[in-house]
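Now for the letters of each chain:
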Amino acid sequence: MRLFFHILLFIGILLPATAIGQTATYRVSVGRFNVGEQTVNQMCNGDTLKVSVDSEVKVYVGFTNIVTYQQNSTYYKGYLLKSQVTVKRNGTVQSECKTQWNGKFYTIILDGKVSKYHKLIRSSGTLLYFAQPNKNQEVYSESDGKMKFISQKASGVYEMTHPEEKTKNTYEYKDGILQKTTIHHPLISFSTVLLKYQDQ
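A brief look at the structure comes next.

About the criteria used
Residues numbered from 1 in each chain as written. Predicted model: local features only at pLDDT ≥ 70, side-chain atom pairs only at ≥ 80, totals over all residues. Heavy atoms only, no water. Helix = DSSP H or I, 4+ residues; strand = E, 2+ residues; numbered from the N terminus. Buried < 20%, exposed > 50% of the residue type's maximum accessible area, 1.4 Å probe, protein only. Contact = heavy atoms within 4.5 Å. Areas by Shrake-Rupley, 256 points an atom, 1.4 Å probe, with all protein chains shown as cover. Polar contact = N/O pair within 3.5 Å; in protein donor to acceptor, adjacent residues only side chain to side chain. Core = buried A, V, L, I, M, F, W, Y, C linked by side-chain atoms within 4.5 Å. Salt bridge = Lys/Arg side-chain N within 4 Å of Asp/Glu carboxyl O. Pairing = 2+ DSSP bridges.

A few points about the overall build of the protein chain
When its secondary structure is counted, the protein chain shows one helix and 14 strands. Within the protein chain, buried positions represent 42% of all 200 residues. Considering only contacts within the protein chain whose residues lie at least 6 apart along the sequence, 36% involve residues at least 24 apart. Accessible area of the protein chain: about 11,000 Å², with a carbon and sulfur share of 53%.

Considering the side chain of T74
On the secondary structure map, T74 appears in strand β4 (residues 64-76). Judged by its relative accessible area of 10%, T74 falls in the buried class. Those residues in contact with T74 that sit more than four places away from it in its chain are T48, L49, K50, Y79, L80, L81 and K82.

Points about the environment of T192
Counting through the fold element by element, T192 comes out in strand β14 (residues 189-199). Residues contacting T192, with those up to four places away along its chain left out, are Y26, R27, V28, Q38, Q179, K180 and T181. In this structure the side chain of T192 is engaged in a polar contact, spanning 2.5 Å, whose partner is the side chain of T181.

Brief notes about the nonpolar core
Formed by 38 residues in total, the largest nonpolar core has its most connected members in Y26, V40, Y106, L128, Y129, I150 and Y171. Here this core takes five residues from strand β3 (residues 48-60), the largest share from any one element. Among all residues touching V40, those that are not within four sequence positions of it are Q22, T23, A24, Y26, V51, S52, V53, Y129 and F130.

Looking at the pattern of salt bridges
Throughout the structure, instances matching the rule amount to two salt bridges. In this structure, K148 and D144 form a salt bridge, with 2.6 Å as the shortest nitrogen-oxygen distance. The two residues K148 and D144 agree in class, both being buried. Linking E159 and K168 is a salt bridge whose minimum nitrogen-to-oxygen distance equals 3.7 Å. A relative accessible area of 18% means that E159 is categorised as buried. Given a relative accessible area of 45%, K168 falls into the partly exposed group.

Here we look at the side chain of S29
If you trace the backbone, S29 turns up in strand β1 (residues 20-30). Polar contacts involving the side chain of S29 include one to the side chain of N34, which spans 2.9 Å.

Quick look at the pairing of strand β5 (residues 79-89)
Here β4 pairs with β5 via ten bridges, running antiparallel. By the bridge assignment for β5, Q71 is matched with V85. Here β4 hands over to β5 after two residues, with K77 in that stretch at a positive phi of 55°.

Examining the pairing of β3
Examined bridge by bridge, strand β2 (residues 33-45) and β3 share ten bridges and lie antiparallel to one another. Bridging from a neighbouring strand, E37 pairs with E56 of β3. Hairpin connection from β2 to β3: two residues lie between these consecutive antiparallel strands, with G46 at a positive phi of about 65°. As paired strands, β3 and β4 are joined by 13 bridges and run antiparallel to one another. Its bridge partner lying in β4, V51 is registered against S73.

Here it is as structure tokens:
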């Protein structure tokens with residue numbers, strides 16, 4: 001899948017006016033219940049790669065909770081330029097993380113707290129949808145502004161560790177495309193399964 005990504009960049013250089021992308025739709029489940037959908041769009045135009053993730057789930061625990069997740073990330077020449085993740089519950093922001101490269105370092109604002117990161121970020125969570133990771137590598141999490149480690153556990157199966165939360169997320173691939181995940185989040189733990197994939 002990494003070869004496909006580099007081909008996209010190469011075509012983008014030859015045909016800068018042509019945008020090439022991919023779209024994936026996932027079913028979101030909590031336990032045995034289907035609670036929503038997640039849509040991921042990736043568009044490559046020249047040296048710029050943009051990825052958006054939008055999901056909405058409805059969970060009934062005494063009353064209906066609607067949790068939405070919106071993420072937008074922009075890569076330029078292979079490194080993360082900026083990203084923003086917003087998580088809401090019933091319309092109220094529960095968590096927000098912004099990451100911005102200024103030419104020297106990244107400014108990360110997580111729920112109002114500012115920090116800096118001085119290395120270029122070339123791998124992040126949004127790229128995991130359409131690019132199978134290496135056997136062992138660091139991945140930047142745009143949702144909480146932290147570097148995390150992902151490792152291969154079996155053919156096409158990877159695990160990302162979250163030391164502070166003592167949780168692990170699982171990612172399963174087929175032909176380089178993310179097929180299934182099991183995600184543990186402070187607000188809600190859920191799984192996703194690929195419903196539809198298409199090239200644009």
